[in-house]
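An overview of the molecular structure
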Amino acid sequence: MSTDNDPMAEIRASFFIECEELLEALQDGLQTMDEEGGDDLETINVVFRAVHSIKGGAGAFGLEGLVRFAHRYETVLDEVRAGRLTVESDALKVFFQAADHLSDLVRISRDGEDLPEDETARLLVDLDAFLGDAPQEEEEENIDFQPMGLSFDFDVEEDGADPAAALPDLDNLPPPPDFSSPPPASMSPYRIVFTPQAELFDTGNEPALLLRNLMELGEMSAHCDATALPELSKVTPDIPHLSWTVTLHSDVEESEIRSVFEFVEGLCQLDITREVEAPASLPTIEELPERTEPEAVEEPAAPQAPPLPLDADETPPVGVATSPAPSIPKPPAETPKPVDKPAKSQGSAQAKSVVRVDLDRIERLVNLVGELVINQAMLSQSLEKSGLSPHSDAMSGLEEFQRLTRDIQDSVMMIRAQPVKSLFQRMSRIVRESSAAVGKDVRLHVFGEGTEVDKTVIERLADPLTHMIRNAVDHGLENPDQRLAAGKPAQGRVNLTAAHRSGRVVIEVADDGAGINRPRVLQIAIDKGLVPADVSLSDTEIDNLLFLPGFSTASVVSDLSGRGVGMDVVRTAIQALGGRITITSSPGEGTTFSISLPLTLAVLDGMVIKVAGETLVLPLNLVIETLTLGPDDVQMVRPGRNVIEVRSGFVPLFDLGAALGYRPRLDSFEGYVVLLIAQEDGSCAALVIDNIIDQRQVVIKGLDESFYRAPGIAAATILGDGQIALILDPTDIISTPGSAQTPLQPAQQLGLSA
């Protein structure tokens, strides 16, 4: 649905974007309560305000199902906030489920789908179990605000009744209330003056909802000031003309009243004061002192201001003289503000302003930066071919242009980068649902959720991570009885970690389960015909069998696993992002899946190389060092397998041209250049190339799905001369079957002389 000419649609879309932020704050608060205890009042208030704000915004758009569930959820949280409900593990479990369902309701309301009434009813029963029947009564009182007419029934003529019979007996009237003792100070009424501005309505807020929320804090009376309302013919719908003066009798703090208006701060004029109570008791007439005539006082020579005239019907107050008052020093012109107001304005001044921009506009900017990088490379190559001196003005200007291009590219990439926190929060829900489905007690521990990754990478990581989390819960972790028998706690643990390493993003999913049963995995692969029966595989090769299509260790097909379409989908999705996935496992200790991804899918620093007459690009962050081979540097382990010595260790050598099919295998490597490549697991490998041409930034151009995905080819780019060059993934070449990598090892372990 287009929102170009529909202001309400834009406001509605903004509401759902704000809901995503509120749901994130809700999950953060619940996670903090789960880890640190549920007695921190500030955390409880954050959780309460998130649900309260979602309910208020949903009411403005008539999303009744969302409002009803959020209200009941908010009611239970209010009991926690008031200290009447203690947050235990059972309550937190329900709160997490309610937060997940609230997220579903927001998404369903946004997409216009049918509400899941059965699931909503089940969770409402669980929430009401903490309160009894109180929520339903409160809901009728606070939600169903339908306008009602006032009716007066005097029953004067019914059945011929005597009207005088309905009058009370004057002799039996109750005694008047005792006003001799003052009301408690905490119950002094608040006076709230609320004047909305035009921006308040532009954001979808409604004064009626704010007043209803105030009504929940105590006894309230409101007066609408319509004196500024012009004639009907002169009314402008976009300009507010009304203001409200509210008297609120409540024992809450002023900060709680301000929290009702926190989402319209800066969009209205708001003044909250305590009304001054009258004296507890007034003196009687007899107790008043007798009035005496003032003694004659000699007036000073200086002229005095005449007394203010009184209106005809105005009399001076009792005991107040009408003579001019003595001169009193004037107070400062500025009235000191309350203590909390400067603090709030200071905080708002320091708060970062955020601008929401459509992703399409950012993608367009990224594409333009990519073209700028390509044109900068073309200009650089043209000037180099012209033979200009490196110290000329043109070359100096080119260096400055390259620096500015790099700064622009980094800034644009920072716009696209987002923390993985939102993605990790979704995985928390996957763990809760998966553990409940298989009857296991599992806790997710998250580390590095502030790590920033390209937004495109985050979006496309959701499905692979979901498969991996479910695999860890279903296959990786043992049942509680098995864990106790093995000396482990009954509660399983899954760690989800994100970090930056060597210019890439590494995401790990680790469990503390039993580890991979490699003999069983190998036997299943043989039974399914995936590998020959007489094959001899290493531990790493057996672990990689888990990624084969159709492979599954589950004996029974369930909602989570058993169909053999999980881990192969994971590897395909990771490879499509230009990443790779590895497995490490220790029997009895657990399994770790590591995903290595590029920071961005737009631009990278590359090394331009020549192999068999072809121009290729290698990611620069993978290259440790370069070597030139001599006649005695290469040693053969067996036919087709060579190694080179690097600082008292040996590294496997790979002929890149032969691996890519550009030429036959070399017989002699003398005079060729070698690139030492670092692997994610700390091992190394050496690639034989013909020559190194340049080092530069290149724009990543993804290959269409119609192209065959050859091993070792990650993407393509356009060089400065307009030539198309392939971007390599050397790890894919090294790990190809038949060319298994060998880690850096001492010489004697390979049976070679040092």
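Throughout, residues of each chain are indexed from 1 in the direction in which the sequence is written. The predicted nature of this model means local features are confined to residues of pLDDT at least 70 and side-chain atom pairs, given and counted, to a pLDDT of 80 or more, with totals for whole chains, interfaces and linings taken over all residues. As a rule here, side-chain values come from all non-hydrogen atoms in the structure, and water together with hydrogens is ignored.

Let us look at the side chain of Ser435. Secondary structure follows DSSP: runs of H or I at least 4 residues long count as helices, runs of E at least 2 residues long count as strands, and numbering of each begins at the N terminus. Inspection of the secondary structure puts Ser435 in helix α13 (residues 421–438). Exposure classes here rest on a 1.4 Å probe applied to the protein chains alone. A residue is buried below 20% of its type maximum, exposed above 50%, and partly exposed in between. Using a relative accessible area of 8% as the deciding quantity, one classes Ser435 as buried. If sequence neighbours within four positions are ignored, Ser435 has contacts with Lys440, Val442 and Val473. Should any heavy atoms of two residues lie within 4.5 Å, those residues are considered in contact.

Now for the pattern of salt bridges. Salt bridges, as used here, are contacts in which a Lys or Arg side-chain nitrogen is within 4 Å of a carboxyl oxygen on Asp or Glu. Summed over the entire model, instances satisfying the criterion amount to 31 salt bridges. Between Arg696 and Asp694 there is a salt bridge, and its shortest N-O distance comes to 2.7 Å. When its relative accessible area of 27% is taken as the criterion, Asp694 is described as partly exposed. Where salt bridges share partners, they join Asp104, Arg107, Glu113, Arg429 and Glu433 into one cluster.

Below, the discussion takes up unusual backbone geometry. Here the phi dihedral of Ala612 falls at roughly 50 degrees; this positive angle occurs in a residue that is not glycine. Relative to the elements of secondary structure, Ala612 occurs in the loop between β12 (603–611) and β13 (614–619). A relative accessible area of 28% places Ala612 in the partly exposed class.

By definition, two strands form a pair when at least two bridges between them are found by DSSP. Here five strands make up an open sheet; going across it, the order is β6-β8-β9-β11-β10 and the pairing mixed. Two strands in the sheet have a free side with no partner beyond their single neighbour: β6 (442–447) and β10 (580–586). For this sheet the average axis-to-axis angle between neighbouring strands, irrespective of direction, equals 15 degrees. Lines fitted to C-alpha atoms define the axes here, with helix axes fitted over just the stretch in contact, and angles between the N-to-C directions of these axes take values from 0 to 180 degrees. Strands β6, β8 (492–501) and β9 (504–511) of the sheet are contacted by α13, whose axis makes an angle of about 165 degrees with β6. Relative to β10, helix α18 (residues 567–576) is tilted by about 135 degrees, and along the sheet it contacts β10 and β11 (590–598).

With that settled, consider empty space enclosed by the protein. Residues are called lining when one of their atoms sits within 4 Å of a cavity or pocket point, these points coming from a 1 Å grid over the protein atoms alone, where a cavity is a set in which a 1.4 Å probe fits but cannot get out and a pocket is an open set with protein on both sides within 12 Å along at least five of seven lines. Grid points are joined across faces, edges and corners, and a volume is the space filled by probe spheres set on the points. Per the counting criterion, the structure on display carries one cavity of 30 Å³ or more. Empty space within the largest cavity amounts to approximately 40 Å³. Taken together, the elements giving at least two residues each to the lining of the largest cavity come down to α11 (359–385), β20 (691–699) and β21 (713–718). Here the lining of the largest cavity gets four residues from one element, more than from any other, and that element is β20. When residues are sorted by character, Ala, Val, Leu, Ile, Met, Phe, Trp, Tyr, Cys and Pro go into the nonpolar class, Asp, Glu, Lys and Arg into the charged class, and all the rest, Gly among them, into the polar class. Residues belonging to the lining of the largest cavity are distributed by class as follows: seven nonpolar, three polar and one charged.

Within the open sheet, the five strands sit side by side as β20-β12-β13-β22-β21. Their pairing is mixed. On the outer flanks of this sheet lie β20 and β21, each paired with one strand and no other. When the angles between neighbouring strand axes are averaged without regard to direction, this sheet yields 35 degrees. Where β13 meets strand β22 (residues 724–728), two bridges bridge the pair, whose relative direction is parallel. Following the sheet pairing, Val617 is matched in β22 by Ile727. Lying on the sheet, α11 is in contact with β20 and β21; it crosses β20 at an angle near 145 degrees.

On to helix α5 (residues 117–128), then. Within an α-helix, residues lying three or four positions from one another point in the same direction, as the helix has 3.6 residues per turn. Multiply 1.5 Å by the residue count of a helix minus one, and that product is the helix's expected span. An ideal rise of 1.5 Å per residue puts 16 Å on twelve residues; α5 measures up with 16 Å between its terminal C-alpha atoms. Inspection of α5 places Thr120, Leu123, Leu124, Leu127 and Asp128 among the buried residues, and these make up the whole buried set. Projected down its long axis, α5 carries its buried residues within an arc of 135 degrees, all on one side. Turned more than 90 degrees from where α5 packs its buried face, Asp118 and Val125 sit exposed. To be clear, the arc concerns the directions from the helix axis to the C-beta atoms.

The subject of this paragraph is the layout of surface pockets. Approximately 2600 Å³ is the volume attributed to the largest pocket. Residue lining of the largest pocket: 50 residues in total, with Phe16, Ile17, Glu20, Gln418 and Lys455 positioned closest to the centre. When residues of the lining of the largest pocket are assigned to their parent elements, the largest contribution, twelve residues, is made by helix α1 (residues 7–36). Each residue belonging to the lining of the largest pocket can be placed in one class, and the counts come to 20 nonpolar, eight polar and 22 charged.

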